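A structural walkthrough
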Amino acid sequence: MLGMIWVRACSALVGFRAPTCVRSLHSFPGITVAQIDEEVAKLLALKAQLGDDGKTQFVLKTPKGTRDYNPKQMAIREKVFNTIIRCFKRHGAETIDTPVFELKETLTGKYGEDSKLIYDLKDQGGELLSLRYDLTVPFARYLAMNKITNIKRYHIAKVYRRDNPAMTRGRYREFYQCDFDIAGQYDAMIPDAECLKIVHEILNELDLGDFRIKVNDRRILDGMFAVCGVPDDKFRTICSTVDKLDKMSWEDVKKEMVNEKGLSEEAADQIGEYVSMQGGMDLAERLLQDHKMSQSKQACAGLSDIKLLFKYLQLFHVTDKVVFDLSLARGLDYYTGVIYEAVLTQASAVSAANEAQNGANAEESVSVGSVAGGGRYDGLVGMFDPKGRRVPCVGVSIGIERIFSIMEQKAEASPEKVRTTEVQIMVASAQKNLLEERLQLISELWNAGIKAEVMYKKNPKLLSQLQYCEEAGIPLVAILGEQELKDGVVKLRVVATREEVDISRADLISEIKRRTEA
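Computed from a prediction, not measured in an experiment: that's the story for all the values here. (Residues numbered from 1 in each chain as written. Predicted model: local features only at pLDDT ≥ 70, side-chain atom pairs only at ≥ 80, totals over all residues. Heavy atoms only, no water.)

**Quick notes on the overall build of the protein chain**
Within the protein chain, the secondary structure is distributed over 21 helices and 16 strands. Residues classed as buried in the protein chain amount to 46% of the 518 residues present. Put simply, of all contacts in the protein chain between residues at least 6 apart along the chain, 69% involve residues at least 24 apart. Of the roughly 26900 Å² of accessible surface on the protein chain, 51% is carried by carbon and sulfur atoms. (Helix = DSSP H or I, 4+ residues; strand = E, 2+ residues; numbered from the N terminus. Buried < 20%, exposed > 50% of the residue type's maximum accessible area, 1.4 Å probe, protein only. Contact = heavy atoms within 4.5 Å. Areas by Shrake-Rupley, 256 points an atom, 1.4 Å probe, with all protein chains shown as cover.)

**Some words on the packing of helix 7 (residues 190–206) against helix 13 (residues 297–315)**
Interhelical geometry of helix 7 versus helix 13 gives an angle of 50 degrees and a closest axis separation of 9 Å. Judged on the interaxial angle alone, helix 13 and helix 7 are oblique. Helix 7 and helix 13 meet at a crossing whose hand is right-handed. Every residue of helix 13 that contacts helix 7 at Ile190, Asp192, Ala193 and Leu196 is listed here: Leu309, Tyr312 and Leu313. Residues of the contact of helix 7 with helix 13, tallied by class, amount to 6 nonpolar, no polar and 1 charged. (Axes fitted to C-alpha atoms, helices over the stretch in contact; angles between N-to-C directions. Parallel < 35°, antiparallel > 145°, perpendicular 65-115°, else oblique. Left-handed = near helix turned anticlockwise from the far one by under 90°. Nonpolar A, V, L, I, M, F, W, Y, C, P; charged D, E, K, R; others polar.)

**So, the pattern of salt bridges**
In this structure the tally under the stated criterion is 36 salt bridges. A salt bridge links glutamate 408 to arginine 67; the shortest N-O distance between them is 3.5 Å. Here the residue glutamate 408 occupies a position in helix 17 (residues 400–413), and arginine 67 occupies one in the loop between helix 3 (33–50) and helix 4 (71–90), the gap between them amounting to 341 residues. A salt bridge links arginine 498 to glutamate 470; its shortest N-O distance comes to 3.7 Å. Here glutamate 470 lies in helix 19 (residues 462–472) and arginine 498 lies in the loop between strand 15 (489–494) and strand 16 (500–504), a separation of 28 residues in the sequence. Arginine 498 sits in the exposed class, given a relative accessible area of 54%. Among the charged side chains, a network of salt bridges with common partners joins Arg86, Arg90, Lys197, Glu201 and Glu205. (Salt bridge = Lys/Arg side-chain N within 4 Å of Asp/Glu carboxyl O.)

**Brief notes about the environment of leucine 445**
Topologically, leucine 445 is positioned in helix 18 (residues 435–447). Put simply, leucine 445 and isoleucine 512 are 67 residues apart on the chain and 9.6 Å apart in space, counted from C-alpha to C-alpha.

**A closer look at the packing of aromatic side chains**
Applying the stated criterion to the full structure yields 9 aromatic pairs. Look at phenylalanine 88 and tyrosine 154: their rings are 5.6 Å apart centre to centre, the planes differ by 40 degrees, and that puts the pair in the tilted class. You can see phenylalanine 88 sitting in helix 4 and its partner tyrosine 154 sitting in strand 4 (residues 151–160), a full 66 residues away along the chain. A relative accessible area of 0% places phenylalanine 88 in the buried class. Taking 4.3 Å as the distance between ring centres and 45 degrees as the angle between the ring planes, the aromatic pair formed by tyrosine 111 and tyrosine 133 counts as tilted. (Phe/Tyr/Trp six-rings, centres within 6.5 Å; stacked < 30°, edge-to-face > 60°.)

**Notes on the pairing of strand 12 (residues 425–429)**
Of all 5 residues making up strand 12, 5 are buried, and the element is well covered by its neighbours. Burial along strand 12 is two-sided: Ile425, Val427 and Ser429 and Met426 and Ala428, pointing in opposite directions, are all buried. Strand direction decides the pairing type here: strand 12 and strand 13 (residues 452–454), joined by 3 bridges, are parallel. In the sheet register, methionine 426 faces strand 13, and the bridge partner there is glutamate 453. Handedness of the crossover joining strand 12 and strand 13 through helix 18 is recorded here as right-handed. Where strand 12 meets strand 14 (residues 476–480), 5 bridges bridge the pair, whose relative direction is parallel. Residue pairing in the sheet places serine 429 in a bridge with leucine 480 of strand 14. (Pairing = 2+ DSSP bridges. Right-handed = clockwise from strand over helix to strand, strands pointing away.)

**Focus: the nonpolar core**
Phe88, Met224, Phe225, Ile271 and Phe324 are the most contacted members of the largest nonpolar core, which has 97 residues in total. Per-element accounting of this core gives the leading share, 8 residues, to helix 7. Formed by 17 residues, the second largest nonpolar core is a distinct cluster that contains Val427, Leu476, Val494 and Leu508. (Core = buried A, V, L, I, M, F, W, Y, C linked by side-chain atoms within 4.5 Å.)

**Thoughts on the UniProt feature "binding site: L-histidine" (unreviewed entry) in the protein chain**
UniProt tags Asp134, Leu135, Thr136, Arg161, Gln177, Asp181, Arg330, Tyr334 and Tyr335 as "binding site: L-histidine" (unreviewed entry). Tracing the backbone shows leucine 135 in the loop between strand 3 (129–131) and helix 6 (136–145). Judged by relative accessible area, which is 0%, leucine 135 ranks as buried. When you line up the elements, arginine 330 lands in the loop between strand 8 (322–325) and strand 9 (338–346). Taking the relative accessible area as the measure of exposure, arginine 330 reaches 16% and is therefore buried. Other than its neighbours up to four places away in sequence, arginine 330 contacts Arg218, Cys239, Asp243, Tyr335, Ile339, Tyr340, Glu341, Gly373 and Gly374. (UniProt positions renumbered as here; feature names shortened; annotations may be inferred.)

**Considerations on the side chain of aspartate 325**
Structurally, aspartate 325 is set in strand 8. Engagement of the side chain of aspartate 325 in a polar contact is seen with the side chain of serine 327, the distance being 2.7 Å. With near-sequence residues (within four places) excluded, aspartate 325 lies in contact with Lys214, Val215, Asn216, Val275, Met277 and Gln278. (Polar contact = N/O pair within 3.5 Å; in protein donor to acceptor, adjacent residues only side chain to side chain.)

**Topic: the packing of helix 4 against helix 7**
Two numbers describe how helix 4 lies on helix 7: the axes approach to 10 Å, and their chain directions differ by 145 degrees. When you trace helix 4 past helix 7, the crossing you get is right-handed. Note on element contacts: helix 7 touches helix 4 through Ile198, Glu201, Ile202, Glu205 and Leu206, opposite Val80, Thr83, Ile84, Arg86, Cys87, Phe88 and Arg90. The residue inventory of the contact of helix 4 with helix 7, partitioned by class, reads 7 nonpolar, 1 polar and 4 charged.

**What to know about helix 9 (residues 235–242)**
Within helix 9, 6 of the 8 residues are buried, leaving the element largely enclosed by the surrounding structure. Residues of helix 9 that are buried include every one of Phe235, Ile238, Cys239, Ser240, Thr241 and Val242, and no others. Elements in contact with the buried residues of helix 9: helix 8 (218–227), helix 10 (250–260) and helix 11 (265–275).

Next comes the structure, spelled out in structure tokens:
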């Protein structure tokens with residue numbers, strides 16, 4: 001009986017011949033049925049892993065926290081990028097690029113508690129490397145290395161964070177950042193105000209819905225911590241906890257401060273009074289008169305700059321969207337002055353569509369959190385300079401992935417079709433045996449800079465060519481027939497209206513440009 005079980009197991013799993021299996025069994029007379037079952041299970045698992053052809057099977061998927069983008073998604077993405085780049089260029093920025101990985105020591109100690117999210121790479125040839133966490137630290141390294149003291153630059157590139165992704169909310173492990181930074185010694189708050197103006201312009205142009213830009217100052221936070229009784233060595237860690245107020249209730253934040261960070265309840269309660277305050281220039285003026293805050297020179301310097309910032313923002317006509325919010329902390333260690341963050345308060349077009357489709361779950365689908373953030377980091381470049389020379393910097397980073405999540409939902413809710421190509425015209429034929437004539441015409445169009453397509457068939461049906469244009473959103477068709485060739489004209493068809501008009505070959509290019517390059 002036992003021998004037959006072993007024979008069947010061997011035969012079923014790996015195709016051994018029966019006599020081999022029986023000899024193997026007789027070599028171990030003390031073997032039990034349970035042991036056989038255990039070994040059979042192992043063999044079955046191995047067989048499932050290897051597959052019938054002996055090759056290792058694997059699941060086709062993207063790594064956690066990453067995604068592919070199809071042509072429709074890329075078309076939306078390109079539109080967003082172009083909007084952002086136009087704004088950056090409008091403000092006089094030039095662009096740079098830096099390596100996707102840096103020396104590990106370049107990134108270490110710059111991100112506070114978020115340093116644990118840095119992707120470290122295996123030792124390659126004696127250099128310890130890490131994938132870049134953001135574009136700001138590499139920019140500071142670039143300035144120090146090249147001894148640059150003055151630049152207004154933008155940089156759009158991928159960064160990497162070993163985070164727990166929430167991809168439906170636009171959070172990934174691999175994602176793009178769109179950064180704009182001004183480096184150089186300038187008068188207070190003028191570059192800072194321009195960064196906020198840029199955020200305002202971009203979010204308005206993208207039409208994502210209502211938004212607000214929260215501003216604060218690290219010096220105000222540090223002064224607040226000092227007058228509330230926070231020990232100096234706990235400033236950064238308490239700041240990281242305050243930074244969670246947009247995700248956690250005050251009760252949970254206070255619990256973390258007291259139970260995990262060792263802060264006294266009295267100090268936490270005093271912090272709670274301040275971080276609930278919001279306003280504008282009037283709040284800054286009020287806090288300058290506050291009997292506690294006025295004791296801190298740091299806080300007073302920060303509050304005076306906030307007043308000046310709001311003065312410039314009034315001239316830029318953006319104060320309707322900007323709020324002075326004492327709960328804003330931004331956890332990165334390198335910030336030294338003004339900090340800001342843009343959040344969507346309502347993604348109106350998407351919200352309406354989702355409410356119709358998803359009911360109560362609509363709010364979650366559009367709750368994407370911060371869509372831009374930044375601040376002043378005057379000491380970061382000095383960390384890399386051998387002589388510690390400081391280059392004052394201020395900048396902003398646009399959260400492209402979160403913005404893209406909203407734009408994608410808007411596109412899905414809209415009846416308007418997203419075009420994935422920019423083809424202006426299709427060169428088609430109405431009869432057979434006109435392939436050479438089609439190729440000659442499309443070559444003329446390409447040489448003139450016209451975006452054109454032709455079907456890769458010798459004798460395509462006219463209906464198939466017209467249907468392709470409708471599906472791809474191509475606005476015009478140049479139709480060739482024997483009569484058109486004799487007359488030296490092309491029949492130009494408008495796909496949307498089906499209007500047709502004969503255009504001479506000499507005038508075709510100018511007519512296509514007139515109709516499509518509005």
